Amino acid sequence: MCFLQAALSAQQFTVQTHPLPAGLDAFGVSTGDVNGDGAPDVALSGFSKVAVVLGDGSGGLGLPALIQPVFFGSLAQLADGNGDGNLDFWAVSALGQVRFFGDGSGGFSPGTPPGQGTGSFAIGDVNEDGMPDFVTEVGTTSVAVSLNDGAGNFGPPVTVAQATLTFSFTSLRLVDLDSDGHVDILVRGLPPFFTAILGDGTGSFDVRPTITIPDGGSSWTLLDLSGDGLPDLIVSAGTAGSERMEVWLNNGLGAFAFGWVLSAPVMSTIAAADLDADGRQDLIGLRTNNVVVAMGDGNGDFSAATFTNVPGATGLALSDFDRDGKTDILTRQYPPLSLAVLRNSLPTPLGIQSYGIGTPTCAGTITMWGSPEPAIGTTSFRIACSNAPSDCQGLLAVGSRHWSGWDPLGLGITLHLGLAVPIGTMHSDGAGAATFALPIPPLPMIAGWRLHTQSIWLGDPGLGNTCSPGLHELATSRGLTITLQP
């Protein structure tokens, strides 16, 4: 195994630290817009308290807006559980689950916990009624589902998988593993094994045989590296002195087989997103007082890695905190106890200018960007979006510019284009980032032309991450003006 530890000029970060009050830790972090101002905020779950910290939309964070006591809290998450368009705060503690109802202005009130588990949990629509359900580990021996009644109340947990080995509290995932359009569950157990629990869209599940990962670590994520449209498993493996990152290929039937060893360094708390708008997923994780970013090479591997020093880095979340169109990274650091925002400082090329505010989602303002410089003959130019609802479809349109925004069709969304035509579709990743390739022809006469673009997104209310006032959960990004350079 080898990896590059040189400074990667294509991907740099500016670190902003924000001190936390004494007694407030942050083992679990999550992001979302809790007060409707379009700026991403942060939910924290720590040793003895949970809290929400408001963002200012420029990369800065304010003082905690909510502090409530918990006992060994972890796994913070923001999601709209009752369909009122406001984010709720979910966490788990050693005494059980914790839930607070959001009022849309940054205020929260205690709510009834959705289940009885004290382990990992995830929120998603398993029976396809348009409302998010709650999936959790119960104790260390089973996985259970609590169905949403349509009003944000959850029924008793129903066991869907009983383990003969111990589940490991390292985050179960809801994902379509077999491309049948239905939500499945993937959960890790101890000793290292993974179990796929395939859903049929009605709330019923088929538990597949356990897949053992030799020397598998606790760090893992899902990402399609083989290009077949199926999420593959990236997992840390090995013992001291032989650590490595492995790819296990998804066969589409609820099983994984070893594929290859990655060039990326071993990481913990792994996430993935396209950070540099090249159309390739990049790997983000933590490693010994560092945030590590390994850039995707488009061939199933990661070509280089950069290390940003963050003492005691714990927890990981991705969002565009400064709303410049580029995905940033959030983690907790200690000492001193604080939040660290790693602002993506890739330069904005000449000829790229955002305008308008669009219609925000649960993640905040959907931002737009473009890279590299839109010069004539640039075949690699891409339009990028951040803070879109995760894993959903977007439509990209081009037309005349409307600075203030309008809603000619009465859909409850803000359009920043006048006369417009669609030019293609986009699909957001798990971090809400997406790109669209727009090759610029080598025609000297088009230098100086201006293109005005905007994206329109159709979220899935069953994920609890839309929060849009628009009809059918529609939301829109900011506008983007592209001036073609000579």
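Our subject is the structure that appears above.
Since the model is a prediction, treat every value here as computed from it, not as a measurement. (Residues numbered from 1 in each chain as written. Predicted model: local features only at pLDDT ≥ 70, side-chain atom pairs only at ≥ 80, totals over all residues. Heavy atoms only, no water.)

Asker: Would you mind going over the state of the cysteines with me for this structure?
Answerer: Covalent bonding between the sulfur atoms of two cysteines is what defines a disulfide. Across all of its chains, the model carries 1 disulfide by this definition. Disulfide partner of cysteine 362: cysteine 467, at an S-S distance of 1.8 Å. The sign of the 80° torsion about the S-S bond sets the cysteine 362-cysteine 467 disulfide as right-handed. Separated by 105 residues along the polypeptide, cysteine 362 in the loop between strand S31 (352–355) and strand S32 (367–371) and cysteine 467 in the loop between strand S37 (450–458) and strand S38 (474–483) bring together distant segments of the chain. Here cysteine 362 and cysteine 467 have matching classes, each one buried. Its sulfur unpaired, cysteine 385 is 10 Å from the next cysteine sulfur, which belongs to cysteine 392. Taking relative accessible area as the criterion, cysteine 385 reaches 2% and is therefore assigned buried. The exposure class of cysteine 392 is buried, given its relative accessible area of 5%. (Disulfide = S-S within 2.5 Å. Helix = DSSP H or I, 4+ residues; strand = E, 2+ residues; numbered from the N terminus. Buried < 20%, exposed > 50% of the residue type's maximum accessible area, 1.4 Å probe, protein only.)

Asker: Looking at this structure, I do not really get the sheet that holds strand S4 (residues 49–55). What am I missing?
Answerer: Whenever strands of a sheet pair, they do so through backbone hydrogen bonds, lying parallel or antiparallel. Strand order in this open sheet of 4 strands is S2-S3-S4-S5, and the pairing throughout is antiparallel. Unpaired on one side and paired on the other, strand S2 (28–32) and strand S5 (61–69) mark the two borders of the sheet. Neighbour-to-neighbour, the strand axes of the sheet open up by a mean angle of 20°, direction not taken into account. (Pairing = 2+ DSSP bridges. Axes fitted to C-alpha atoms, helices over the stretch in contact; angles between N-to-C directions.)

Asker: Quick question: what am I supposed to make of the packing of aromatic side chains here?
Answerer: In the structure shown here, the tally under the stated rule is 9 aromatic pairs. Taking 6.4 Å as the distance between ring centres and 70° as the angle between the ring planes, the aromatic pair formed by phenylalanine 134 and phenylalanine 154 counts as edge-to-face. On the criterion of sequence distance, the pair formed by phenylalanine 134 in strand S11 (residues 133–138) and phenylalanine 154 in the loop between strand S12 (142–146) and strand S13 (158–162) is long-range, its members being 20 residues apart. Residue phenylalanine 134 is classed as buried on the basis of its relative accessible area of 1%. With a relative accessible area of 17%, phenylalanine 154 lands in the buried category. (Phe/Tyr/Trp six-rings, centres within 6.5 Å; stacked < 30°, edge-to-face > 60°.)

Asker: Help me out: how do you make sense of unusual backbone geometry in this one?
Answerer: Along the chain, tyrosine 334 connects to proline 335 via a cis peptide bond; the corresponding omega equals -5°. When you line up the elements, proline 335 lands in the loop between strand S29 (328–333) and strand S30 (338–344). The phi angle at threonine 269 is positive, at roughly 50°, despite the residue not being glycine. In this structure, aspartate 391 is a non-glycine residue whose phi angle is positive, near 50°. Secondary-structure assignment places aspartate 391 in the loop between strand S33 (382–386) and strand S34 (393–406).

Asker: Help me understand the environment of glycine 227 in this model?
Answerer: By secondary structure assignment, the location of glycine 227 is in the loop between strand S20 (216–223) and strand S21 (232–237). For glycine 227, a relative accessible area of 63% corresponds to the exposed category. Spatially, the C-alpha atom of glycine 227 lies 26 Å from that of leucine 316, the residues being 89 residues apart in sequence.

Asker: Just checking my understanding: could you explain the side chain of threonine 365 for this structure?
Answerer: The residue threonine 365 is located in the loop between S31 and S32 in this model. Not counting chain neighbours up to four residues away, the residues in contact with threonine 365 comprise Gly38, Arg323, Ile357, Pro360, Ser386, Asn387 and Arg478. (Contact = heavy atoms within 4.5 Å.)

Asker: What exactly am I supposed to notice about the sheet that holds strand S26 (residues 290–296) here?
Answerer: Judged by pairing direction, the sheet is antiparallel, and its 4 strands sit side by side in the order S24-S25-S26-S27 without closing on themselves. Bordering the open sheet on either side are strand S24 (268–273) and strand S27 (302–309), each of which pairs with just one other strand. Adjacent strand axes in the sheet meet at a mean angle of 20°, parallel and antiparallel pairs treated alike. One ladder, built from 4 bridges, connects S24 with strand S25 (residues 282–286); its direction is antiparallel.

Just distances and angles here, no functional claims.
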